[in-house]
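One-letter residues, chain by chain:
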Amino acid sequence: MHIRFDVPADPAYPGRVAAALSSVRLRRFSLIGAALAAAGAVGAAVSWGFSLGERFASLWWVLLVGGLASVLYAPWVRWRARRRSDDYAVEGGYDITDDNIMMRSGSESGGIAWEGVAQVRDVGDFWIVYVGRMPATVIPRWLMSAGDAETLRAFMAARGLLPPG
């Protein structure tokens, strides 16, 4: 396998990468926040129904507000990442073989050997490549030809890095 493609100097690209990376890490904040907000709302309704509203009102409000803040944290982080990354648009590219993933961006380049890759997650238009538990790079699937994307998907699935699909 030898897949090569370029990444244009698009000002929106770094923001899309940041959003993809943050969506995986911040998902738990949304889930925990929704649970806290629901517990706060149900607790407030039950305590007011049993005339205990004044005694526990502050607890339920803290849960409700904390939950809503946690739910809104992920979109806020994605918005800030996109806003800050607009100045980082440089041309780059990928050269992916059976042995490694080579990336270049501007004047810098780096690589990841497939032996070091623990897993790959499919997130929107990207594959996020993990070395251990840390995301190491993203592969923009939408910049590849359909044939190359399918070849790479099959390669990663065969290695057990990506669920077959």
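Structure: above.
About the thresholds
Residues numbered from 1 in each chain as written. Predicted model: local features only at pLDDT ≥ 70, side-chain atom pairs only at ≥ 80, totals over all residues. Heavy atoms only, no water. Pairing = 2+ DSSP bridges. Helix = DSSP H or I, 4+ residues; strand = E, 2+ residues; numbered from the N terminus. Axes fitted to C-alpha atoms, helices over the stretch in contact; angles between N-to-C directions. Phe/Tyr/Trp six-rings, centres within 6.5 Å; stacked < 30°, edge-to-face > 60°. Buried < 20%, exposed > 50% of the residue type's maximum accessible area, 1.4 Å probe, protein only. Lys NZ or Arg CZ within 6 Å of the ring centre and 35° of its normal. Salt bridge = Lys/Arg side-chain N within 4 Å of Asp/Glu carboxyl O. Patch = residues over 30% accessible without salt bridge, like charges linked within 9 Å, V, L, I, M, F, W, Y side chains within 5 Å. Areas by Shrake-Rupley, 256 points an atom, 1.4 Å probe, with all protein chains shown as cover. Expected span 1.5 Å × (residues − 1). Arc of directions from axis to C-beta. Contact = heavy atoms within 4.5 Å.

*Asks:* Where do I start with the sheet that holds strand β2 (residues 92-97) in this structure?
*Replies:* Note: strands within a sheet are paired through backbone hydrogen bonds, in either parallel or antiparallel orientation. Read across the open sheet, the 4 strands follow the order β1-β2-β3-β4; overall the sheet is antiparallel. Unpaired on one side and paired on the other, β1 (2-7) and β4 (108-113) mark the two borders of the sheet. Pairs of neighbouring strands in the sheet enclose a mean axial angle of 10°, with direction left out of account. Note that β2 and strand β3 (residues 100-105) share 5 bridges and pair antiparallel. Opposite Ile96, over in β3, you have Ile101 as the bridge partner.

*Asks:* Would you explain the packing of aromatic side chains in this entry?
*Replies:* Where two aromatic rings form a pair, the distance of their centres and the angle of their planes describe that pair. Scanning the entire structure with this criterion turns up 3 aromatic pairs. With centroids separated by 5.1 Å and ring planes inclined at 15°, the aromatic side chains of Phe5 and Tyr94 adopt a geometry described as stacked. Pair noted here: Phe5 is in strand β1 and Tyr94 is in strand β2, with a separation of 89 residues, a long-range link. In this pair, the class of Phe5 matches that of Tyr94, namely buried. Both rings, one in Trp114 and one in Phe155, keep their centres 5.2 Å apart while their planes meet at 70°; by these two values the pair is edge-to-face. Remark: Phe155 occurs in helix α3 (residues 146-158) and Trp114 occurs in the loop between β4 and β5 (119-123); sequence separation between them is 41 residues. In this pair, the class of Trp114 matches that of Phe155, namely buried. The ring of Trp127 has Arg141 sitting right over it, with the charged end atom 4.9 Å from the ring centre.

*Asks:* What is the right way to look at the pattern of salt bridges in this model?
*Replies:* Pairing is possible between side chains that carry opposite charge, provided their charged atoms lie close to one another. Counted according to the given criterion, the structure contains 4 salt bridges. For Arg4, the salt bridge is made with Asp6, and the minimal N-O distance between the two is 3.3 Å. Among the residues examined, Arg4 registers a relative accessible area of 48% and is labelled partly exposed. Its relative accessible area of 48% is what places Asp6 among the partly exposed residues.

*Asks:* Sorry, what's going on with a nonpolar patch on the surface here?
*Replies:* A surface patch of nonpolar side chains, about 440 Å² in accessible area, is lined by Phe29, Tyr73, Trp76 and Trp79. Residue contributions to the nonpolar patch peak at 3 residues, all from helix α2 (residues 53-84). With respect to the helices and strands, the residue Phe29 is situated in helix α1 (residues 13-49). Of the residues examined, Phe29 reaches a relative accessible area of 33% and is grouped as partly exposed.

*Asks:* How should the pairing of strand β6 (residues 126-131) be read in this particular structure?
*Replies:* Here is the key point about a regular strand: its side chains alternate between the two faces of the sheet. The buried fraction of β6 amounts to 5 of the 6 residues, a majority that puts the element mostly inside the structure. Linking β5 to β6, which pair antiparallel, is a turn of 2 residues; within it Gly124 sits at a positive phi near 60°. Where β6 and strand β7 (residues 134-140) come together, 6 bridges link them in antiparallel fashion. Directly across from Phe126, in β7, lies its bridge partner Pro140. A loop of 2 residues connects β6 with β7, the two strands running antiparallel in sequence, and Gly132 in this loop sits at a positive phi of about 70°.

*Asks:* Hey, could you run me through α3 in this one?
*Replies:* An α-helical turn contains 3.6 residues, so any two residues separated by three or four positions project in the same direction. With 13 residues, α3 should cover 18 Å at 1.5 Å per step; its first-to-last C-alpha distance of 18 Å lies within 8% of that length. Along α3, the residues classified as buried are Ala149, Leu152, Arg153, Phe155 and Met156. Considered in projection along α3, the buried side chains sweep an arc of 165° and stay on one side of the axis. Residues Ala146 and Ala158 are exposed on α3 and point more than 90 degrees away from its buried face. Where α3 is buried, its residues touch β1, β2, β5, β6 and β7.

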